[in-house]
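Topology and contacts: notes
Here is what each chain is made of, one letter per residue.
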Amino acid sequence: MTDTPNVLWIMADQLRFDYLSCYGHPHLQTPHIDALAKRGVRFTNAYVQSPVCGPSRMSAYTGRYVRSHGSTWNGMPLRVGEPTLGDHLREVGVRAALVGKTHMTADIEGMAWLGVDPKSAIGVRVSECGFDPYERDDGLHPDSVRQRWSAYDDYLVELGFSSDNPWADFANSGVDENGDLMSAWLLKNSRLAANVPEEHSETAYMTDRAMAFMEDAMAEGQPWLCHLSYIKPHWPYIVPAPYHDMYGAEHIVDPIRSAREQDNAHPLLAAYQKSRVSKCFARDEVRDHVIPAYMGLIKQLDDNLGRLFAWMDEKGLSENTVIAFCSDHGDYMGDHWMGDKDFYHEPAVKVPLIIADPCDAAHATHGTVSDALVEMIDLAPTFMTALGCPPRPHVVEGRDLTPILHGTKGFSRHYVISEHDYSSLEMAETLSVDQEDARTIMIYDGRWKYIRCEGFQPILFDLECDADELHDLGGSSAPEPTAVRTRMEEALLRWATQHHTRVTATPQVLDRMNKASVSGILIGYWDAVEYEADTGIPFESLTPVGRPNP
């Protein structure tokens, strides 16, 4: 135990906010996540800063908007020198460790330019979003070589699950009735049981690794933040027995969509709907196969979190650990005739967020629900406050959630922002949009969701009257939507022109600048009398000009 609390930051990948029982799912029961909400605050309006893995996570890890850190898409490196949560915490003696996924791509060229060895302590942290990688696991693709960052493949091999690609052949494949190995990359195989026992699945393994880290950290006695970042329920959608057949067609919620969305689709939305993944998930048989597996993955995650929380109770960690649970974005699952993520409807851009702070000051808010507009970048300053790190307003753009957690005044936000770069996606090619213009920005004020689409008419939803976001008012000439579009454009302009690059503007630097402007910058004064009257500083204390030679 340390006097400083610890932080366990749990992130699930591609988990919809409405696929938890505490967020209202009618069939999927998640009692352990629900129990966490009862000892913390559950947020109902939490939004990611990009509806895709990489940029969303880079925003969460830096506390900065996508336009600020510049990592706009998966595989876009986070530049060397971009300050991260781990960097801030390290300054106050807190260890920030990673167990699981980051989707980070290292800035190898930047490190080479600066002469930073990627294998050095600094190089490793620069390559891992500022975290100390206790164990990283970003998953694979069908043609990937053995994982270079995770020991999970080696773990499977040691257990006898041996192949050229154990992650794919066991954790993410199933065996059909003929005994043939069937890859979960093909969605028709989603209902098969994963070819690995549940206790050796990726979710269970990463839970065990988080426990191992906490054991080590307790022995060291240093305060810590552990980012436990699960790769599921992200595709490939397959889950081990007994979770693979817990849910069926009777548990699938009807899709949120209408024929009007296709008949009168905005050109950009039409391009999204015509993409391969969207055309696939618009088919009922695909939803019937995938959603039960998706639900099983979430149920498995909840059970493993129950195991983790019970272990923490037994070890006495719960009473001194802030626990945050969230996801990096959602999943369309056929809603709005779309699949995967990549746009701004609620199923994709809104996420679950629960923060349980065990300190005495937070007891009054335990079990409460907050409808405040919050962003994922708010987690970094919140964790910094909990761990005794001074604020970094010249770097961190998020806002500290501690006032909400402690039931005090001090937090407010009028809008949330999310950004998307679709230049590498098939929509840009379909619409013949150049790389520099293939971008969108969402701004949402709790009622109106405005999406600026470069080169196209904007998209506008009124969630008060149209909670399912089925009617685009971006082209409406009615007075209210017209006024809203003007207001939102003005708000985006204010946001875009705010300072966001002055990461070197520390209080010390600003103080030196202020002093220089008062005492060291002499331009504009006629004589010493004028200078002394303006500053109150004797002119002779500054310069020998006008004084006799010694």
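Calculation criteria
- Residues numbered from 1 in each chain as written.
- Predicted model: local features only at pLDDT ≥ 70, side-chain atom pairs only at ≥ 80, totals over all residues.
- Heavy atoms only, no water.
- Helix = DSSP H or I, 4+ residues; strand = E, 2+ residues; numbered from the N terminus.
- Rg over C-alpha atoms; globule rule 2.2 N^0.38 Å.
- Buried < 20%, exposed > 50% of the residue type's maximum accessible area, 1.4 Å probe, protein only.
- Pairing = 2+ DSSP bridges.
- Core = buried A, V, L, I, M, F, W, Y, C linked by side-chain atoms within 4.5 Å.
- Contact = heavy atoms within 4.5 Å.
- Salt bridge = Lys/Arg side-chain N within 4 Å of Asp/Glu carboxyl O.
- Patch = residues over 30% accessible without salt bridge, like charges linked within 9 Å, V, L, I, M, F, W, Y side chains within 5 Å.
- Areas by Shrake-Rupley, 256 points an atom, 1.4 Å probe, with all protein chains shown as cover.
- Lys, Arg positive; Asp, Glu negative; His and termini not counted.
- Charge placed at Lys NZ, Arg CZ, Asp CG, Glu CD.

Another aspect to go through is the overall build of the chain. Within the chain one finds 20 helices and 15 strands. Radius of gyration (C-alpha) of the chain: 26 Å, near the 24 Å computed for a compact globule of 550 residues. Reported as C-alpha extents along the three principal axes, the dimensions of the chain are approximately 105 × 65 × 50 Å. The burial tally for the chain puts 56% of its 550 residues in the buried class.

Here we come to the pairing of strand β2 (residues 41-47). Among the seven residues that make up β2, seven are buried, leaving the element largely enclosed by the rest of the structure. Relative to strand β9 (residues 350-356), β2 runs antiparallel, the two sharing five bridges. Across the sheet, the residue bridging to Arg42 is Ile354, located in β9.

This part covers the nonpolar core. Within the largest apolar cluster, 68 residues are counted, with the highest numbers of intra-cluster contacts made by Trp9 and Phe343. The contact partners of Phe343, leaving out residues within four places of it in the chain, are Pro51, Leu268, Leu269, Tyr272, Tyr332, Met338, Ala348, Val349, Ile451 and Ile459.

Our next topic: unusual backbone geometry. Cis geometry is adopted by the peptide bond preceding Pro233, which originates at Lys232 and carries an omega value of 15 degrees. Along the chain, Pro233 falls in the loop between β7 (224-229) and α10 (259-263). At the junction of Ala241 and Pro242, the peptide bond is cis and its omega measures out at 5 degrees in the coordinates. You can see Pro242 is positioned in the loop between β7 and α10. One non-glycine residue, His103, lies in positive phi territory at about 65 degrees.

Glancing now at the pattern of salt bridges. Here the idea is simple: oppositely charged side chains can pair when their charged atoms come close. Per the stated rule, a full pass over the model turns up 34 salt bridges. Where Asp18 meets Arg16, a salt bridge forms, and the shortest distance between an N and an O atom there is 2.9 Å. On the basis of relative accessible area, Arg16 is assigned to the buried category, the value being 3%. Here the salt bridges do not stand alone but share partners, grouping Asp437, Arg439, Arg452, Glu454 and Glu489 into one network.

Moving on to a negative patch on the surface. Judged by side-chain charge, Asp527, Glu530, Glu532, Asp534 and Glu540 come together as a negatively charged surface patch. If you trace the backbone, Glu532 turns up in helix α20 (residues 528-535). Using a relative accessible area of 35% as the deciding quantity, one classes Glu532 as partly exposed.

As far as function goes, none of this settles anything; it's purely spatial.
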